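# Structure assessment
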Amino acid sequence: FSMPWPISLVTATGQIIYSQGRFEDAALGAELKDIGFEASLKTGTFRLTRFEAKGGDKGSLTGEGTARIGAEGAAGAIELAARDLVVFDRREGFARASGTLGIAFAREGIDIVGDLQIHSARIDISRMPQSSEPTLEITFDDDRPDTRQAARQRVGFDIALRSTRGIEITGQGLQATASLDA
């Protein structure tokens, strides 16, 4: 692997092999294990030739794709396929899904798109977080300069969710099954 200093992905070249990785998101309760991928970087082109991961208890996520990296930003796409993957697992419920996810890179920003079929899901409304008293934040104009930085890129989400088998909703005396097409 060779990378110029200061770091420039436009002129970097090499191959990346990653294995036995792990990812956990406590907020969603999502877990991936045995993450592995192979990728190459050559003259501004990032090519993901293999991506694979196992779900926490079962299921899988696989994919590949190519992105061109230039002075003006990135362009290209990485496609992922989920198979029977737990996408949400918290005390309030869980969801297991299959389908496609994609990450599209463009000059304007990044779009995360997908089409997921939910195989099984449960929501227990009695375990949902309780509301609290509303709060109000007040700020007064002053002469201090604004130190916040503008966002560099836009990130868009467009993920279709469907469930024909139904989503089980329980708690607080409710027991229902719902379908979803969002």
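Right above here is the structure, for reference.
All of these numbers come straight from a predicted model, not from anything done at the bench.

Its boundaries defined by the atoms lining it, the largest pocket holds a volume of some 630 Å³. In terms of lining residues, the largest pocket is bounded by 21 residues, among which Phe23, Leu32, Leu61, Leu80 and Leu101 are the most central. Counting residues per element, the ones that place at least two in the lining of the largest pocket are strand 1 (13-25), strand 2 (30-42), strand 3 (45-55), strand 5 (73-90), strand 6 (93-106), strand 7 (109-124) and strand 8 (154-171). With six residues, strand 5 is the largest single contributor of residues to the lining of the largest pocket. Counted by class, the lining of the largest pocket contains 19 nonpolar, no polar and two charged residues. Each pocket or cavity is described by its volume, and for the second largest pocket that value is around 210 Å³. Lining the second largest pocket are 13 residues, with Val87, Phe88, Ala95, Ile118 and Leu161 positioned closest to its centre. With five residues, strand 7 is the largest single contributor of residues to the lining of the second largest pocket. Looking at side-chain class alone, the lining of the second largest pocket contains twelve nonpolar, no polar and one charged residues.

Of note in the backbone geometry, glutamine 20 takes a positive phi value of approximately 55° without being a glycine. Within the secondary structure, glutamine 20 sits in strand 1. Of the residues examined, glutamine 20 reaches a relative accessible area of 74% and is grouped as exposed. Its identity is not glycine, yet threonine 43 carries a phi of approximately 45°, on the positive side. The residue threonine 43 is located in the loop between strand 2 and strand 3 in this model.

Right, let's get into the packing of aromatic side chains. Within this structure, the stated rule accounts for one aromatic pair. Arranged with centres 5.3 Å apart and planes meeting at 25°, the rings of tyrosine 18 and phenylalanine 37 form a pair that is stacked. Placement of the pair is tyrosine 18 in strand 1 and phenylalanine 37 in strand 2, with a sequence separation of 19 residues. Given the relative accessible area of 37%, tyrosine 18 is considered partly exposed.

Let's shift gears to the nonpolar core. Counting residues in hydrophobic clusters, the biggest one holds eleven residues: Leu32, Ile35, Ala39, Leu48, Phe51, Ala53, Leu61, Ile78, Leu80, Ala82 and Leu85. Where this core is concerned, the elements lending two or more residues are strand 2, strand 3 and strand 5. With four residues, the top contributor of residues to this core is strand 5. Ignoring anything within four residues of it in the chain, the contact list for leucine 80 reads Phe51, Leu61, Thr62, Gly63, Gly99, Thr100 and Leu101. Ranked by size, the runner-up nonpolar core spans six residues in total, among them Ala97, Leu116, Ile118 and Ala121.

What follows concerns the pattern of salt bridges. Close approach of charged atoms allows side chains with opposite charge to pair. Applying the stated criterion across every chain yields a total of twelve salt bridges. Here aspartate 84 ties to lysine 58 by a salt bridge, and the two come within 3.1 Å at their closest N and O atoms. With aspartate 84 in strand 5 and lysine 58 in the loop between strand 3 and strand 4 (60-70), this residue pair connects regions lying 26 residues apart in the sequence. Put simply, Asp57, Lys58, Asp84 and Arg96 are held in one network by salt bridges that share partners.

Take the sheet that holds strand 5 next. Taken in spatial order, the nine strands of this open sheet run 1-2-3-4-5-6-7-8-9, and their pairing is mixed. Unpaired on one side and paired on the other, strand 1 and strand 9 (174-181) mark the two borders of the sheet. Neighbour-to-neighbour, the strand axes of the sheet open up by a mean angle of 15°, direction not taken into account. Two elements, strand 5 and strand 6, share twelve bridges in a ladder whose sense is antiparallel. The partner of glutamate 79 across the bridge, within strand 6, is glycine 102.

Conventions adopted
Residues numbered from 1 in each chain as written. Predicted model: local features only at pLDDT ≥ 70, side-chain atom pairs only at ≥ 80, totals over all residues. Heavy atoms only, no water. 1 Å grid on protein atoms, 1.4 Å probe; cavity = no way out; pocket = protein on both sides within 12 Å on 5 of 7 lines; lining within 4 Å. Points joined across faces, edges and corners; volume = space filled by probe spheres on them. Helix = DSSP H or I, 4+ residues; strand = E, 2+ residues; numbered from the N terminus. Nonpolar A, V, L, I, M, F, W, Y, C, P; charged D, E, K, R; others polar. Buried < 20%, exposed > 50% of the residue type's maximum accessible area, 1.4 Å probe, protein only. Phe/Tyr/Trp six-rings, centres within 6.5 Å; stacked < 30°, edge-to-face > 60°. Core = buried A, V, L, I, M, F, W, Y, C linked by side-chain atoms within 4.5 Å. Contact = heavy atoms within 4.5 Å. Salt bridge = Lys/Arg side-chain N within 4 Å of Asp/Glu carboxyl O. Pairing = 2+ DSSP bridges. Axes fitted to C-alpha atoms, helices over the stretch in contact; angles between N-to-C directions.

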